[in-house]
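# Structural characterization, general
Residue strings, one per chain:
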Amino acid sequence: MYSWQNKQWQHIMQQGAQSPNSKLPHALLLRGRAGIGKQDFALDVAKAILCQQSSEQQPACNSCPSCSWFAEGTHPDFMLIGAEDSDDAEEVVKKKTTKKSQISVAKIRQLIDYLTLSSHQVNGYRVIIISPADMLNGASANALLKMLEEPPAKTLFLLVTSQPQRLLATITSRCQAIDMPLPSRAEALAWLTSQQVTQAETALDLAGGAPLLALQMAEEGEVGTSLLKNLALGAKLDPFTCAPLFLGLGMERAIETLQKWLFDMQAYKLAQVLRYHAQQANALQALAKSVNLPLLLRFQDTLLEAKKTANHPLSNEAQLENILLQYTKIFKVN
Ligand SMILES: [Zn+2]
């Protein structure tokens, strides 16, 4: 739980999950901006409710068997349901959607089967996190709704979303909504500093005040720098160590990074100007000298093609390795 979530934490814990006459509802909807730590909060709530020694005042003890199972990801009374890549590639292409993730009805059916078994801990709670809940599709949302209408005893559903308007109104109405806050600027900056983010102010501004998003952006910024160092190696770049770094950005941004790099290489070769990478002028100058222009232009076409399918579920590491291998071949070998 983050410091800015204290009020929400108290609100839930005061409903007495541990007491026999708990007033805890069957389902909570944790809603709020992306990047403010909602899912971490849900995990902490789950852990505390499952802990064998926690109380209203005391969060999870971190030493009982339940807490160890939770930490290992093997708790028999806990389930985290998240989005998965669509296995129906054709459907994604047909709908021309860039979004490939969803929570399938198969997953919700598995959950229904699971909930017909009794809980592992005698008289204990079971906790189900669904995050992001807005990734439920029509069929899975309806299957979940049936369960929320007749909820099993001593089961807590935690639905997490930054896009509550995308949930079925009938689902929302079955949940107690909890608005998760954005921290104050000072609190967010203090937290980012504690995470060793050096340019905390800039990152927080870019993330619109959401601290976890700011952390992610700061980390990607660092990833970006190490990617450019790799690209500066030109023909000596190792596609196999480099591809995983690029994949961290997601396929689409990985390709965009390459496109901008090539744009500057070409601009430097033809007119000694740079648009995106003034900081890497030396490296680009050296690469521009050794690059084969027709091969560079052909490689740019390859990237345009690859970008069209960048959100295709079949995009993968091997494809990116292949692209990076082609990159190493646009330079003249001495
Ligand atoms: Zn515990």
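Parameters and conventions
Residue numbering note: each chain is counted from 1, following its sequence as written. In keeping with the model being predicted, local features are shown solely for residues with a pLDDT of at least 70 and side-chain atom pairs are shown and tallied solely at 80 or more, while totals for entire chains, interfaces and linings include all residues. Values shown for side chains rest on all heavy atoms present in the structure; no hydrogens or waters enter the calculation. Of the two site types, the cavity is a set of points on a 1 Å grid over the protein atoms alone where a 1.4 Å probe fits but cannot get out, and the pocket is an open set with protein on both sides within 12 Å along at least five of seven lines, each lined by residues with an atom within 4 Å of a point. Grid points are joined across faces, edges and corners, and a volume is the space filled by probe spheres set on the points. We count a stretch as a helix when DSSP gives it H or I for four or more residues in a row; a strand needs E for two or more, and each element gets its number in order from the N terminus. Throughout this entry, Asp, Glu, Lys and Arg are counted as charged residues, while Ala, Val, Leu, Ile, Met, Phe, Trp, Tyr, Cys and Pro are counted as nonpolar. The remaining residues, Gly among them, count as polar. Nonpolar cores are built from buried Ala, Val, Leu, Ile, Met, Phe, Trp, Tyr and Cys residues. Side-chain atoms within 4.5 Å join them into one set. Exposure categories follow from relative accessible area, calculated using a 1.4 Å probe and restricted to protein chains: below 20% of the type maximum is buried, above 50% is exposed, and the middle band is partly exposed. Two residues qualify as a contact provided that any one of their heavy atoms is within 4.5 Å of a heavy atom in the partner residue. Start and end points for every domain follow an automatic or database-based domain assignment. Strand pairing requires that DSSP identify at least two bridges connecting the strands. Interaxial angle, 0 to 180 degrees, is taken between N-to-C directions of lines fitted to C-alpha atoms, where a helix line uses only the stretch in contact. For Na, K and Ca the donor cut-off is 3.2 Å, while for other metals it is 2.8 Å, and in both cases only N, O and S atoms qualify; water is not among them, so sites may look incomplete. Under the classification used here, a metal with four donors is tetrahedral if each angle lies between 85 and 135 degrees, square planar if opposite donors are over 155 degrees apart and the others between 65 and 115, a six-donor metal meeting that same test is octahedral, and anything else is irregular. For this quantity, the arc is that covered by the directions from the helix axis to the C-beta atoms.

Of the volumes computed, that of the largest pocket is approximately 640 Å³. Elements represented by at least two residues in the lining of the largest pocket include exactly α9 (200-206), α10 (211-231) and α12 (251-271). The leading source of residues in the lining of the largest pocket is α10, at 8 residues. The residue makeup of the lining of the largest pocket, split by class, is 9 nonpolar, 7 polar and 5 charged.

Note on soluble globular proteins: their nonpolar side chains tend to be buried together. In terms of nonpolar packing, the biggest core is built from 29 residues, with F246, M265 and Y327 touching the most fellow members. At the level of elements, α10, α11 (239-247), α12, α13 (281-290), α14 (293-308) and α15 (317-328) are the ones that each hand at least two residues to this core. When residues in this core are grouped by element, the largest group, 7 residues, is from α12. Discounting residues that sit within four places of it in the chain, Y327 has contacts with L231, G234, L237, L258, W261, L262, M265, L287 and F299.

Moving on, we get to the domain arrangement of the chain. For the chain, the assigned domains read domain 1 (3-181) and domain 2 (188-328). Distance from the C-alpha centre of domain 1 to the C-alpha centre of domain 2: 36 Å.

The next point concerns the sheet that holds strand β5 (residues 126-130). The strand order across the open sheet formed by 5 strands is β2-β5-β6-β1-β7, and the pairing between neighbours is parallel. Of all the strands in the sheet, the pair left with one neighbour each is β2 (78-81) and β7 (176-179). Strand-to-strand, the axes of this sheet are offset by a mean angle of 15 degrees, without reference to chain direction. Here strand β1 (residues 27-31) runs beside β7; their pairing, made up of 4 bridges, is parallel. From the neighbouring strand, L30 faces β7, where its bridge partner is I178.

Binding of the zinc ion to the protein goes through C51 (SG), C61 (SG), C64 (SG) and C67 (SG), at separations of 2.3 Å. Coordination at the zinc ion is tetrahedral, judged from the 4 donor atoms that bind it and the angles of 102 to 118 degrees they form at the metal. Taken in sequence order, the residues that donate to the zinc ion follow the motif C-x9-C-x2-C-x2-C. Residue C64 is classed as buried on the basis of its relative accessible area of 1%. Judged by its relative accessible area of 3%, C67 falls in the buried class.

What helix α3 (residues 65-72) keeps buried is the set S66, C67 and F70. Around the axis of α3, the buried residues are gathered within 95 degrees of arc, so they sit on the same side. Seen from the buried face of α3, the exposed residues on the opposite side, beyond 90 degrees, are A71 and E72. Taken together, the buried residues of α3 touch α2 (38-50) and β2. Among the residues trailing α3, G73 stands out with phi positive, at a value near 75 degrees.

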